[in-house]
Amino acid sequence: MKYLVSFLFLAIFTYSCTPDEIEEVNTTFYSTSFENAIDTANWQGACWISFSDDVPDGGGNRSVSISCGCIGLYANFLTEPTKNDGLYTISCQGKGLGIGGFIALKYNEKEIGIGLSGQDTIWQYHQSPDTLFCPAGEQMEVYLSAGGLMDGTIKVDLLEITKVD
């Protein structure tokens, strides 16, 4: 009898939690590995954007390289509008040269980011430690910058924005 009750409980629980009803917690909102020129077609900014065959494991054949030498110069693009309110993180494989640079995800005046030091000369996984809230129907801005008062370069691959709630 004890086994029958356990079996019935398990069967009811399994039936009530079908895969269609389980909401994923982490879902990819945007992802690129820079394999095609179209991956940067909508980017704007004054930095030097180029492709490189220097890639991390699993990164395909190309990465993107961003080089700047002045304060305030960066490359940026807008995401597609979000479908639902949500919290987002940004991550990538990256490395830096010179004084390095950063990658940021921004909505209105709030932003989260990843710093890539010039000391990060080998490919490493980086993820923003914080989340950014973006309401439904809005676009977020992604920007990448390198350098500042001195020359800097960052190489980025496997760039991803993830919805975490």
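Above this text you will find the structure in question.
Bear in mind the structure is a predicted one, so any value in this text is a computation, not a measurement.

Engineer: How would you summarise the environment of Ser-31 if you had to cite specific residues and measurements?
Structural biologist: Along the chain, the position of Ser-31 falls in strand S1 (residues 27-32). Spatially, the C-alpha atom of Ser-31 lies 9.7 Å from that of Asp-157, the residues being 126 residues apart in sequence. If near-sequence neighbours (up to four positions away) are discounted, Ser-31 is found in contact with Leu-159 and Glu-160.

Engineer: Quick one: what's the story with unusual backbone geometry, residue by residue and with numbers?
Structural biologist: Most peptide bonds take the trans form, and the phi angle of most residues other than glycine is negative. The phi angle at Phe-34 is positive, at roughly 60°, despite the residue not being glycine. Mapped onto the elements of the fold, Phe-34 is located in the loop between S1 and strand S2 (44-45). By relative accessible area, which is 0% here, Phe-34 ends up buried.

Engineer: Provide a residue-level description of the packing of aromatic side chains, including the pertinent values.
Structural biologist: In this structure the tally under the stated criterion is 5 aromatic pairs. On the numbers, 5.2 Å between centres and 10° between planes, the contact of Trp-43 with Phe-77 is stacked. Here Trp-43 is found in the loop between S1 and S2, whereas its partner Phe-77 is found in strand S5 (residues 75-78), with 34 residues between them in sequence. For the pair Trp-43 and Phe-77, one class covers both residues: buried. An aromatic cluster of three or more residues is present, and its members are Tyr-30, Phe-34, Trp-43 and Phe-77. For the cation-ring pair, Arg-62 lies above Phe-51, with the distance from its terminal atom to the ring centre recorded as 3.7 Å.

Engineer: Explain the side chain of Lys-155 to me, and be specific about the residues and the numbers.
Structural biologist: Relative to the helices and strands, Lys-155 resides in strand S12 (residues 152-163). According to the relative accessible area criterion, Lys-155 is buried, its value standing at 16%.

Cut-offs applied
- Residues numbered from 1 in each chain as written.
- Predicted model: local features only at pLDDT ≥ 70, side-chain atom pairs only at ≥ 80, totals over all residues.
- Heavy atoms only, no water.
- Helix = DSSP H or I, 4+ residues; strand = E, 2+ residues; numbered from the N terminus.
- Contact = heavy atoms within 4.5 Å.
- Buried < 20%, exposed > 50% of the residue type's maximum accessible area, 1.4 Å probe, protein only.
- Phe/Tyr/Trp six-rings, centres within 6.5 Å; stacked < 30°, edge-to-face > 60°.
- Lys NZ or Arg CZ within 6 Å of the ring centre and 35° of its normal.

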